[in-house]
Amino acid sequence: MPPDHPAPRDPESATGPATDPAAGPATLPSSLRRRTLMAGTAGAGLALLALAACTDDGGPEEPDPDAAAALTVTYTENPAARGDWTVWTVAYDLAEGQEAPALFDATTQAARHEALQAKKDEKAWTATDPLLVLDPYGTTGSGLYVHFEDPEAGQLDVVATASATEDFARTAANHAEGAGFEGLVIGLIPGAHTTLDLTWRADGGGESAGTLRIKAPTTQSGYGTTLAADIADADALTPGLFALNGVTGLGNNTYLFDNSGVMRAEMRGGDTAAHHFVVEDGRLVTTTGSRQLGVLDPLGHAATLIGLGGHSVHHDLAVVDDVAYVLTSDSSSERVEDRVIRVDLASGDVEQVVDLQKIFPEYEKLAHAQEGEAGGSVVQGKDWIHVNSIDITDGVMILSARETSTVIALDDALEAGSTPSVRWMIGVEALWEGTGHEELFLAAEGEVIGNAGQHTVHRIDDDELPEGQFYLEMFNNNYWSLDTRDEADWQDHAPRDAATDEQDGISHVLRYLVDENAGSYRQDEAIEVPYSSVVSNVYRLGSGRVDQPMVVNSGRSNEFSERTADGDLIATYRYDSASHGYRVYKDTFDGFWFREP
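Residues numbered from 1 in each chain as written. Predicted model: local features only at pLDDT ≥ 70, side-chain atom pairs only at ≥ 80, totals over all residues. Heavy atoms only, no water.

Here the structure, examined in full by the defined rule, presents 20 aromatic pairs. Ring centres 5.1 Å apart and planes at 55° place the aromatic pair Phe-242 and Tyr-573 in the tilted group. A residue pair is termed long-range when its members are at least 10 positions apart, and Phe-242 in strand 14 (residues 241-245) and Tyr-573 in strand 37 (residues 569-574) qualify at 331 residues. Side by side, Phe-242 and Tyr-573 carry an identical accessibility label, which is buried. Measuring from centroid to centroid gives 6.3 Å for Tyr-363 and Trp-384, while their planes differ by 35°, and the two rings are tilted. Of this pair, Tyr-363 sits in helix 4 (residues 361-366) while Trp-384 is found in the loop between helix 4 and strand 25 (387-393), placing the two residues 21 residues apart along the sequence. Connected via pairs of aromatic rings, a cluster forms that spans Phe-360, Tyr-363, Trp-384, Trp-432 and Phe-441. Here the basic side chain of Arg-170 rests over the ring of Phe-168, its NZ or CZ set 4.2 Å away from the ring centre. Over the ring of Tyr-471 we find Arg-511; its NZ or CZ atom is 5.4 Å from the centre of that ring. (Phe/Tyr/Trp six-rings, centres within 6.5 Å; stacked < 30°, edge-to-face > 60°. Helix = DSSP H or I, 4+ residues; strand = E, 2+ residues; numbered from the N terminus. Buried < 20%, exposed > 50% of the residue type's maximum accessible area, 1.4 Å probe, protein only. Lys NZ or Arg CZ within 6 Å of the ring centre and 35° of its normal.)

And the structure:
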């Protein structure tokens, strides 16, 4: 993907070379097979296997039953596993020269699911003889599926040990209906020999234990599994896994690292990076392709795949109840990065709710196409406003428009057929002269640094604030440059102390206190962080309030950190990339992969 600005200014939307999302490990040579389970009709080939059809408007992708039956999924004993139990590996039985099917395809996922169900039904698996399958759905790389029946409920404690790393000890989340266990154990290090100690503790006091030594597959992308970590206070780190995505030059997968900087899973991507994982209500919602949204269950099964039709995803999404709001580009337009779609996760309905050109037609006329190719998705065009984050709170949609260094709040933007209107804006009013929106800017009280090229703008409520007031927090790149306006229009209107150099400057975790009643805002906090002229993010942990720790990623500096609520460093992590890492989030994965505390 070419950068959306002339290099080297902004390759922020480039996601690296598209990886083959076929995932499934290659079929093992016959000399290494000891026992094999076949699911599907052998010899039928994969001619029937294609991406599930969807209309230009998008919609749910349904598996083709005939194609699923024709896809032969094999279960083979893993030769790289030793210990008390058998570990099974999943592959496809392919003809010579035949490519593995696309991973994030409804038919592929259905065939993998049917194969797992057949394996579960093969016999009665017990706590002393469990079913163990490495990454049954092909989505996590090193996740170990565990299933067994038991007369009682209980918990499965896991300790993962590997050379030159700290032990990784967790209690796995149990998704079995009733007694026994079913879940995905996260802890294996890709490409490394890891020892797993699994202990089942039944509620009635019974206990079963076993030990495995497994070498999980190396990372599909070739990305390294250890970060350079500088940890000031290990005890202060919140539990969970950091999710690093959008790493340029090394594929589109997302890498999950523990607090010591060791990779514990590599989430597979499609033909573009999944810039945001939303883990909630027992599911993981993310983009699984440039024109596809996926919902994964805790076992890694992408049971819900929704085609987005002519819309190509970029940058961010937000989930409200059972609806995902996704930033997109419309492939039928000559403009990019100026749309928002609404995706109903239950029905799969896809509808456009925002076209910013219709809201800001006069500003769009002032902007010209920048030199070079534009676009943060696979679509190219006039990147006149470049929306890079979305937040929805109390029915108000808040967008970060990086190209104009403007934060935009919209009313009536959540339902198809509604007419969105501007609630307020924060930024440099002078850029918008003559557009009819000058009177909608909130007034700054006192001195403010001002936001320039900002990312990940989020509203944070606080019960101690009066009604009508809230915080607005963002990663302030503090880089002032517009490629879609003549220099005379913008060069003299920079926010205070904003940098005009791509490599030399200071970025901030910037927080405003907004007072909608007064139509004003003031600077509440500005924490200096490593400079990143583009990309990057700040993300509050826990309840998301301002008294919670935060994760800060300075993408161009190839560095992320966990910090206290006040911004003091707890730990810093350095990573490799060809240019940058787009964003870093962190989640406890409690109730999903790990037991609720």
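Pairing is antiparallel across the open sheet formed by 5 strands, whose spatial order is 13-37-36-35-34. In this open sheet, the two strands that pair with only one neighbour each are strand 13 (228-231) and strand 34 (537-540). Pairwise comparison of adjacent strand axes, ignoring direction, gives a mean angle of 15° for this sheet. In this structure, strand 34 lies alongside strand 35 (residues 550-554), joined through 4 bridges in antiparallel fashion. (Pairing = 2+ DSSP bridges. Axes fitted to C-alpha atoms, helices over the stretch in contact; angles between N-to-C directions.)

Turning our eyes to something else, we now look at the confidence of the model for the chain. A residue-level look at the chain finds 89% of positions with pLDDT of 70 or above and a mean pLDDT of 90. Confidence drops under pLDDT 50 across residues 1-11; counting only partners more than four residues distant or on other chains, this segment forms 50 contacts. (pLDDT = per-residue confidence, 0-100. Contact = heavy atoms within 4.5 Å.)

Look at helix 2 (residues 106-120): 21 Å from first C-alpha to last across 15 residues, which is about the 21 Å you get at 1.5 Å a residue. In terms of burial, helix 2 is largely enclosed, as 11 of its 15 residues are buried. Every buried residue of helix 2 is accounted for by Ala-106, Thr-107, Thr-108, Gln-109, Ala-110, Ala-111, Arg-112, Ala-115, Leu-116, Lys-119 and Lys-120. Capping of helix 2 at its N-terminal end is provided by Asp-105; its side-chain oxygen lies 2.9 Å from the backbone amide nitrogen of Thr-107. (Expected span 1.5 Å × (residues − 1). Polar contact = N/O pair within 3.5 Å; in protein donor to acceptor, adjacent residues only side chain to side chain.)

Taken across its 10 residues, strand 21 (residues 311-320) has 9 buried, putting it largely inside the fold. In sequence, strand 21 turns back onto strand 22 (residues 323-330) through a hairpin of 2 residues, with Asp-321 there showing a positive phi of about 55°.

What follows covers the sheet that holds strand 29 (residues 443-445). Here we have 5 strands laid out as an open sheet, ordered 29-33-32-31-30, and mixed in their pairing. At either margin of the open sheet sits one strand with a lone partner, and together these are strand 29 and strand 30 (455-460). In this sheet, adjacent strand axes meet at a mean angle of 30° when their direction is disregarded. As paired elements, strand 31 (residues 469-476) and strand 32 (residues 507-515) share 8 bridges and run antiparallel to each other. Its bridge partner lying in strand 32, Phe-475 is registered against Val-509.

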